[in-house]
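Fold and geometry: a report
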Amino acid sequence: MVCLGNICRSPLAEGLLREKVQKRGLNVEVDSCGTAAYHVGEAPDSRMILTAHSHGIDISTLMGRQFTVNDFDEFDQIFAMDSSNYHNIISLARNDADIDKVSFLLDQIKPGENMSVPDPWYGGDKGFEKVYELIDTACENIAKNL
Ligand code: 4NP
């Protein structure tokens, strides 16, 4: 799960998808990171921690890290939150196999539309709940198809 800062959208996606695969008894590794290094080593944004907590998901212990080319080798599927993240990831791809692993998270809800999860960082608290609903639905669809 990849966003820009790895403190809002992608840590939530990591927490949600991990919970959904565990519930199904699947052995799947889930992780998240950001395309930027601004928040490496930091916990998620407190507003996102609270939003997740209100739905029974604990993301408070996650720690920011930056996407690296190594992630193409470590993971089978790479989900970008928005088009900027998508293009930043693709710019590091070494071959078609790397490119094929990358998709827009919201294509899990509306395939082929390449919609972006809005970045709630700059907005008010309502934005966090809306982002929660989008990411929750997308992760449910991923887990169903694993
Ligand atoms: P995220 O949100 O990409 O969902 O983690 C952001 C967090 C921090 C910044 C931008 C987006 N920032 O510019 O520091």
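The following refers to the structure shown. (Residues numbered from 1 in each chain as written. Predicted model: local features only at pLDDT ≥ 70, side-chain atom pairs only at ≥ 80, totals over all residues. Heavy atoms only, no water.)

Right, let's get into the site of the ligand. In the vicinity of the ligand, the contacting residues are Cys3, Leu4, Gly5, Asn6, Ile7, Cys8, Arg9, Tyr38, His39, Asp119, Trp121 and Tyr122. Measuring from an oxygen atom of the ligand, one finds a backbone N or O atom of glycine 5 at 2.9 Å. A distance of 3.1 Å separates an oxygen atom of the ligand from a polar atom in the side chain of aspartate 119. Against a free-state accessible area of 360 Å², the protein chains account for coverage of 94% of the ligand. Residues of the shell around the ligand, tallied by class, amount to seven nonpolar, three polar and two charged. (Near = heavy atom within 4 Å. Polar contact = N/O pair within 3.5 Å; in protein donor to acceptor, adjacent residues only side chain to side chain. Areas by Shrake-Rupley, 256 points an atom, 1.4 Å probe, with all protein chains shown as cover. Nonpolar A, V, L, I, M, F, W, Y, C, P; charged D, E, K, R; others polar.)

Another point: the pattern of salt bridges. Evaluated as defined, the whole model comprises 12 salt bridges. For the salt bridge of arginine 9 with aspartate 119, the shortest nitrogen-to-oxygen distance reads 3.4 Å. Of the two residues, arginine 9 sits in helix 1 (residues 9–23) while aspartate 119 sits in the loop between strand 4 (102–104) and helix 6 (125–144), which places them 110 residues apart along the sequence. Across the pair aspartate 136 and lysine 20 runs a salt bridge whose closest N-O atoms are separated by 2.7 Å. A residue pair is termed long-range when its members are at least 10 positions apart, and aspartate 136 in helix 6 and lysine 20 in helix 1 qualify at 116 residues. The exposure class of aspartate 136 is partly exposed, given its relative accessible area of 23%. On the accessibility criterion, lysine 20 (7% relative accessible area) is buried. Because the salt bridges share partners, they merge into one network encompassing Lys20, Arg24, Asp136 and Glu140. (Salt bridge = Lys/Arg side-chain N within 4 Å of Asp/Glu carboxyl O. Helix = DSSP H or I, 4+ residues; strand = E, 2+ residues; numbered from the N terminus. Buried < 20%, exposed > 50% of the residue type's maximum accessible area, 1.4 Å probe, protein only.)

Moving on, we come to a nonpolar patch on the surface. Taken together, the side chains of Leu26, Val28 and Leu146 make up a nonpolar region of the molecular surface, amounting to roughly 210 Å² of accessible area. Mapped onto the secondary structure, valine 28 falls in the loop between helix 1 and strand 2 (33–34). (Patch = residues over 30% accessible without salt bridge, like charges linked within 9 Å, V, L, I, M, F, W, Y side chains within 5 Å.)

As enumerated under the stated definition, the model contains three aromatic pairs in all. Here tyrosine 86 and phenylalanine 104 contribute two aromatic rings whose centre-to-centre distance is 4.7 Å and whose plane-to-plane angle is 20°, an arrangement assigned as stacked. With tyrosine 86 in helix 4 (residues 83–90) and phenylalanine 104 in strand 4, the pair connects residues that are 18 residues apart, well separated along the chain. Where tryptophan 121 meets tyrosine 122, the ring centres are 5.2 Å apart and the plane angle is 80°; that geometry is what we call edge-to-face. (Phe/Tyr/Trp six-rings, centres within 6.5 Å; stacked < 30°, edge-to-face > 60°.)

A few words on the nonpolar core. Counting residues in each nonpolar core, the largest one holds 29 residues, and the members touching the most others are Met1, Leu12, Leu17, Met81, Leu105 and Ile135. For this core, the secondary structure elements donating two or more residues are helix 1, helix 2 (46–54) and helix 6. Once you skip the residues sitting within four places of it in the chain, methionine 81 turns out to touch Met1, Val2, Cys3, Arg9, Ser10, Ala13, Leu105, Met115, Ser116, Val117 and Ile135. (Core = buried A, V, L, I, M, F, W, Y, C linked by side-chain atoms within 4.5 Å. Contact = heavy atoms within 4.5 Å.)

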